[in-house]
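Observations on the three-dimensional arrangement
Each chain, written out:
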Amino acid sequence: MKVRIASIIPTARAVVTLAAIAPIALVIAAARPALWVIAPVAAMVVLALVVVDALLGGRVADFRVTVPGDVEVGAEGRMAGEASVRSGNPSRMDLALECDPRLVPGGRLVFPLSADDGGWRGSGGFTPSRRGTGKVTRAWLRWTGPLGMGARQLAGPLDEAVRVWPNVAAVRSPSLQTFLKDAQYGLLARRIRGEGTQFESLAEYQPGMDRRRIDWKSSARHVHLYAKEYEVERNNQIVFAFDCGQAMCEPIADMPRLDRAVSAALATAFVALKGGDRVSLFGFASRPEVATPFVTASSDFHRLQRAAAGLEYRAEEPNFTLALATLAGRLQRRSLIVIFSDFSDPTSAELMIESIGRLVSRHVVLFVTMTDEELETLSTAEPDDMEVLSMAVAADGLLRQRALVTRRLRQIGVDVIEAPWRQIGTRLIDAYLAIKRSGAIG
């Protein structure tokens, strides 16, 4: 990193010392006018201490900044600094980095360095709030002399980039990995028997089985009750469609709703790929923006993650009519379409319902939205004054509109998941597995 010549600056201790000495010097000068020289002399002494102390801090021989190349949105990353000093004895050293606001709120990360085996090292944590590429453009290193009165500071430009990816922590979670190993959709890719549509074999009828599964001809031939077992359909097409419009870009628990949706979708996509299904991503706002081909193998999961990283945040209303018509035109066979969206007014919700309704006749549609916890908190607040009461009434009205929209979606045959953001991932996986077992996609 190219750095400029270190400058000398006073520390907070020097400023406090000067501020404490100045009134005393002025009082002495007022009492004894002949001693007026005390005030400037005291100031010069403090300034001399600042310079001497800063020089005693030594010179930086080497200075390096380490920035991670990749990090997931909502996950903690760390930037590190390392410096070595010659001919000096600093008492403290701090590093400041100028960053993209998507990496650090306010665009500035400051952390101390600690003396370590002849050098100074340290790191600072950051949690990206949005996907994309965040730049780290400048660094400042400040070290203080042994007296704590003066400090030296150098600065230089950086050209580092941090790629912020969708969060797939749920895919790596031990609970999901255990599920994939032990459940029906296991890593061994066993043949799955259940309530699917493909006939697998005959089995002896057991109490509790669905009587509609009894094969009466075979039972009569063997003079014993036999029931049909079916293999759960594989090679289904699953499309995750993301509304990238204004409502989905609003934060929920310090992260955009869109990123919460992407994390839930990728976890479910991983389960679907392990189950032998085909997965595609589709993103839209005022027009379609991302449309991936179907991924068929779990080893290609990284392609879905990379495509999800390209979903942009758009401060515009989504065009459901254009987007879903485009999506329907791409699908040549019956598919499960999972739509992640939110709605803020009845007009946009009406257009959304109308567009989704056109898909239901040919495809299985699952609509996913996150509970608006802020509205629920406002609607249940104690009416201590008129302002709180009016906010509660308004919030309750909006919640009623949301309930009306979800009810209308269910009436036209759409499965709806509405849950807090923490539960969206597990609820979506459960819904996908239930639809797959029922054979509704095939």
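If you're wondering where the values come from, they're calculated on a predicted model, not measured in any experiment. (Residues numbered from 1 in each chain as written. Predicted model: local features only at pLDDT ≥ 70, side-chain atom pairs only at ≥ 80, totals over all residues. Heavy atoms only, no water.)

In terms of helices and strands, the chain carries 12 helices and 18 strands. Of all 442 residues assigned to the chain, the portion counted as buried reaches 45%. Residue pairs at least 24 apart in sequence account for 74% of intrachain contacts in the chain once pairs closer than 6 positions are excluded. Here the chain displays about 22300 Å² of accessible surface, and carbon together with sulfur accounts for 55% of that area. (Helix = DSSP H or I, 4+ residues; strand = E, 2+ residues; numbered from the N terminus. Buried < 20%, exposed > 50% of the residue type's maximum accessible area, 1.4 Å probe, protein only. Contact = heavy atoms within 4.5 Å. Areas by Shrake-Rupley, 256 points an atom, 1.4 Å probe, with all protein chains shown as cover.)

Another aspect to go through is the layout of surface pockets. Taken as a whole, the largest pocket encloses approximately 520 Å³ of empty space. What lines the largest pocket is a set of 28 residues, among which Ala170, Ser263, Ala264, Arg422 and Gly425 lie closest to the centre. Of all elements in the fold, only α3 (169–172), α4 (174–182), α6 (257–274) and α12 (424–438) reach the threshold of two or more residues within the lining of the largest pocket. Considering each element in turn, the lining of the largest pocket owes the most residues, 6 residues, to α12. Split by residue class, the lining of the largest pocket holds 14 nonpolar, 9 polar and 5 charged. As a volume, the second largest pocket reaches approximately 370 Å³. Around the second largest pocket, the lining comprises 20 residues; the ones closest to its centre are Glu250, Arg257, Asp372, Leu375 and Arg402. (1 Å grid on protein atoms, 1.4 Å probe; cavity = no way out; pocket = protein on both sides within 12 Å on 5 of 7 lines; lining within 4 Å. Points joined across faces, edges and corners; volume = space filled by probe spheres on them. Nonpolar A, V, L, I, M, F, W, Y, C, P; charged D, E, K, R; others polar.)

Turning our eyes to something else, we now look at the side chain of threonine 406. By secondary structure assignment, the location of threonine 406 is in helix α11 (residues 386–411). Residue threonine 406 is classed as buried on the basis of its relative accessible area of 3%. The contact partners of threonine 406, leaving out residues within four places of it in the chain, are Phe343, Val416 and Glu418.

What follows is about the packing of α6 against helix α7 (residues 301–309). Contact pair α6 / α7: the axes reach a minimum separation of 10 Å and the direction vectors enclose 160 degrees. With respect to each other, α6 and α7 are oriented roughly antiparallel. Judged by the twist between their axes, the crossing of α6 over α7 is right-handed. Side by side, α6 and α7 meet where Val262, Leu266, Ala269, Phe270 and Leu273 of the first sit next to Phe301, Leu304, Gln305 and Ala308 of the second. (Axes fitted to C-alpha atoms, helices over the stretch in contact; angles between N-to-C directions. Parallel < 35°, antiparallel > 145°, perpendicular 65-115°, else oblique. Left-handed = near helix turned anticlockwise from the far one by under 90°.)

Let us look at the packing of aromatic side chains. Per the counting criterion, the structure on display carries 5 aromatic pairs. With 5.4 Å between their ring centres and 70 degrees between their planes, phenylalanine 284 and phenylalanine 320 make a pair best called edge-to-face. You can see phenylalanine 284 sitting in strand β14 (residues 278–284) and its partner phenylalanine 320 sitting in helix α8 (residues 320–330), a full 36 residues away along the chain. With a relative accessible area of 0%, phenylalanine 284 lands in the buried category. A relative accessible area of 6% places phenylalanine 320 in the buried class. One aromatic cluster in this structure is built from Phe240, Phe242 and Phe340. One Lys or Arg, arginine 108, reaches over the ring of tryptophan 140 and ends 5.1 Å from the middle of that ring. (Phe/Tyr/Trp six-rings, centres within 6.5 Å; stacked < 30°, edge-to-face > 60°. Lys NZ or Arg CZ within 6 Å of the ring centre and 35° of its normal.)

Spatially, β15-β14-β13-β16-β17-β18 is the arrangement adopted by the 6 strands of the open sheet, whose pairing is mixed. Looking at strand neighbours, the two that pair on one side only are β15 (288–291) and β18 (415–419), the edges of this open sheet. When the angles between neighbouring strand axes are averaged without regard to direction, this sheet yields 20 degrees. Sitting on the sheet, α8 is in contact with β13 (237–243), β14, β15 and β16 (336–340), with an inclination near 155 degrees to β14. (Pairing = 2+ DSSP bridges.)

This brings us to empty space enclosed by the protein. According to the stated counting rule, one finds 1 cavity of 30 Å³ or more in the structure shown. There is about 90 Å³ of room inside the largest cavity. Here the lining of the largest cavity takes 3 residues from helix α9 (residues 346–360), the largest share from any one element.

Moving on: α9. For α9, spanning 15 residues, the distance from its first C-alpha to its last is 21 Å, which sits close to the expected 21 Å at 1.5 Å a residue. For α9, every residue scored as buried is listed here: Ser348, Ala349, Met352, Ile353, Ser355, Ile356, Leu359 and Val360. Of the surrounding elements, those touching the buried residues of α9 are α8, β16, β17 (364–370) and α11. (Expected span 1.5 Å × (residues − 1).)

So, to be careful, I would describe these as geometric facts and stop short of saying anything about function.
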